[in-house]
Amino acid sequence: MIENICCIGAGYVGGPTMAVIALKNPHIKVTVVDLNVQRIKDWNDSDLHKLPIYEPGLSEVVEKARGRNLFFSTDVDKAIDEAQMIFISVNTPTKTYGVGKGMAADLKYIELCARQIAMVSQTNKIIVEKSTLPVRTAETIQNILDNTGNGVSFQILSNPEFLAEGTAIADLESPDRILIGGNETPEGQMAIQSLVDIYSSWVPKDKIITTSLWSSELSKLTANAFLAQRISSINSLSELCEATGANIVEVSKAVGMDSRIGSKFIQASVGFGGSCFQKDILNLVYISKSLGLEEVASYWEQVIIMNNHQRTRFATNIIKTLYNTVSGKKIAFLGWAFKKDTNDTRESAAIYVADQLIEENANVSVYDPRVSEPQIRYDVKYLNSRSEEKNSKHLKVEPDPYKAFEDSHAIAVLTEWDEFRDYDWERIYKSMLKPAFVFDGRNILDSSKLKAIGFKIKSIGKV
Ligand code: UDX
Ligand code: UDX
Ligand code: ADP
């Protein structure tokens, strides 16, 4: 029976997942470790508002379990040494250099973890892949462990995480399914069972499915590819709607009522973001290409092409509508996070739209309820499109949304935060330059109400 777990990586996946595992299994000591000293300090802060990740319900879970059987530490070696089961939950960004640049997942953090586990371990351990990894990564990990270790034995499991940010705690508490892949040997099956036991503390047995390692790894990529493909499909049709006068909201509703299709994940938007969708599809494309499966690769690549097009199209529409020039014009951004209820900005459409507008010399003024100013500045800088001087001249971050609107030519809604609906839109209208334009990239505002006030509003997939 497992009594001691370690998780390497205290990020958006590792932190909330381990908090819930600890909450539901008071008899198991769970230690989450990270190289990032500040991150661990924030996880341990007595002020729960300072947790490094914003997720509804997370602070309550941390409050109950932290110090009882949930610990956050930078002592990676000690936690590895003591654990019977080690989750690897480090980031696997898309490679920014070398072979597979811009496509393949960069596995250097995973490899470092594997080498460290091999070096430290003096007893047999179960290693659980939590991060999304390209199919057959388990083989690489097994190889490193077997060739560099101290002669102890390792069982590798794949247990992909399906939580979505913003609803992580709810998703963890009642998951659609738990997927565990492992070796088909008796030792592999025993390892699978020990992880099944941990989840069984709160997840019904029929929702826990077990497969081979490879099926589990590929299922994670497939799930994200399907979800992203639905968004690109509806977004492609949003452009057709704008050109023909059909309404994408009506189309989504009508289509979604077909139980074979379903109503979720067909909401047109300025484009999907987040750390997973793009990375996982690029990964799928890369794997397919390396296996010579050109048709498979180009089929999935189109999902990314369409997403990039949707972001560009949104920015181009702003420029065209503002009489083909945004130079020197103030444009207020509502939202920077890649979706509501998170402070995560990875691959957020807002970053790309801002970059395109800054290139046209617009003055972008951003308000987001949860994203910090340094993060917003870092995101734009990271694209490396121009000098820092130019970025800082054209990018402002406002803690007060009403300040962002003052004397602006247009408002662009980039994230669907609930609070945006309830703003005093009469007051906003008065403070803006006329004509006052609103570009609703999330279709969350009441367009008839805004039109009645005097706004010129452009939504996605509607005329
Ligand atoms: C389809 C639509 O389902 C229906 O709503 C519309 O009114 C007409 O077009 P139909 O073509 O009669 O209906 O059959 P359908 O059950 O949709 O199957 C179409 C094809 O897809 C068949 O060749 C079927 O074998 C195939 N299919 C279906 C698969 O290959 N895999 C599946 O999972 C489902
Ligand atoms: C996703 C998967 O949902 C989750 O199962 C997996 O574990 C990690 O990747 P996440 O990226 O956190 O989760 O958020 P998700 O809710 O999937 O949203 C991704 C992006 O798609 C966001 O930018 C969101 O705004 C956008 N989106 C979502 C749409 O544009 N339209 C929709 O209908 C749904
Ligand atoms: P995710 O969304 O996958 O959780 P994050 O970037 O939020 O990704 O979290 C990953 C965490 O893993 C980061 O906090 C990073 O510092 C940590 N990390 C990366 N490599 C290692 C390593 N070798 N040892 C410990 N922590 C690591």
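On a predicted model such as this, the values are computed, not experimentally measured, just so you know. (Residues numbered from 1 in each chain as written. Chains lettered and ligands numbered in written order. Predicted model: local features only at pLDDT ≥ 70, side-chain atom pairs only at ≥ 80, totals over all residues.)

(A) Spatial organisation of the overall build of the protein chain. Scanning the protein chain from terminus to terminus reveals 18 helices and 14 strands. Computed over its C-alpha atoms, the radius of gyration of the protein chain comes to 24 Å, within 12% of the 23 Å expected for a compact globule of 463 residues. If one aligns the C-alpha atoms of the protein chain with their principal axes, the spans along those axes are about 70 × 50 × 45 Å. Expressed as a percentage of its 463 residues, the buried residues of the protein chain come to 45%. Across the protein chain, every contact between residues at least 6 apart in sequence was considered, and the portion connecting residues at least 24 apart equals 76%. (Helix = DSSP H or I, 4+ residues; strand = E, 2+ residues; numbered from the N terminus. Rg over C-alpha atoms; globule rule 2.2 N^0.38 Å. Buried ≥ 20, exposed ≤ 12 C-beta atoms within 10 Å, placed from the backbone. Contact = placed C-beta atoms within 7 Å.)

(B) Broad picture of helix α9 (residues 213-244). Under the 1.5 Å per step criterion, the end-to-end length of α9 is 47 Å for 32 residues, consistent within 8% with the ideal 46 Å. Once α9 finishes, G245 follows within two positions and takes phi at roughly 95°, a positive value. (Expected span 1.5 Å × (residues − 1).)

(C) Structural view of the pairing of strand β8 (residues 208-212). Sheet analysis places strand β7 (residues 178-182) next to β8, joined by 5 bridges and oriented parallel. Across the sheet, I178 pairs through a bridge with I208, a residue of β8. Handedness of the crossover is the feature at issue here: the chain leaves β7, passes through helix α8 (residues 186-200), returns alongside β8, and the resulting connection is right-handed. (Pairing = 2+ DSSP bridges. Right-handed = clockwise from strand over helix to strand, strands pointing away.)

(D) Structural view of the domain arrangement of the protein chain. Splitting the protein chain by domain gives domain 1 (4-203) and domain 2 (305-459). Relative to domain 2, the C-alpha centre of domain 1 lies at a distance of 36 Å. In this complex, domain 1 contributes 5 residues to the contact, which on the side of domain 2 involves 7 residues. Here the side of domain 1 that touches domain 2 is built from residues that sort into 3 nonpolar, 1 polar and 1 charged. (Domains from an automatic or database assignment. Nonpolar A, V, L, I, M, F, W, Y, C, P; charged D, E, K, R; others polar.)

(E) Structural detail: the UniProt feature "active site" (unreviewed entry) in the protein chain. As annotated in UniProt, the feature "active site" (unreviewed entry) corresponds to C276 in the numbering used here. Mapped onto the secondary structure, C276 falls in the loop between α10 (248-256) and α11 (277-290). Its 26 C-beta neighbours within 10 Å are what place C276 among the buried residues. If sequence neighbours within four positions are ignored, C276 has contacts with T132 and N224. (UniProt positions renumbered as here; feature names shortened; annotations may be inferred.)

(F) Region of the structure containing the pairing of strand β4 (residues 85-88). Judged by which residues are buried, β4 turns out to be covered on both faces: M85 and F87 on one side and I86 and I88 on the other are all buried. Here strand β1 (residues 4-8) pairs with β4 via 4 bridges, running parallel. Its bridge partner being in β4, C7 is matched across the sheet by F87. Relative to strand β5 (residues 125-129), β4 runs parallel, the two sharing 4 bridges.

(G) How the structure looks around the sheet that holds strand β10 (residues 363-367). Ordered by their spatial adjacency, 6 strands build an open sheet running β11-β10-β9-β12-β13-β14, and the pairing between neighbours is parallel. Each of the sheet's edge strands pairs with one partner strand only, and the pair in question is β11 (395-397) and β14 (456-459). Taking each pair of neighbouring strands and ignoring which way they run, the sheet shows an average axis angle of 20°. Here strand β13 (residues 437-440) pairs with β14 via 4 bridges, running parallel. The partner of F439 across the bridge, within β14, is K458. Against the sheet, helix α12 (residues 294-321) makes contact with β9 (330-334), β12 (410-413), β13 and β14, and its axis sits at roughly 165° relative to β13, the strand it touches most. (Axes fitted to C-alpha atoms, helices over the stretch in contact; angles between N-to-C directions.)

(H) Just the site of ligand 2, in detail. Near ligand 2 you find 19 residues, and of these Q267, S269, F272, G274 and C276 are the closest. Sort the elements by how many residues they give to the shell around ligand 2 and α9 lands first, with 3 residues. In the shell around ligand 2, the residues fall into 11 nonpolar, 5 polar and 3 charged. (Near = placed C-beta within 6 Å.)

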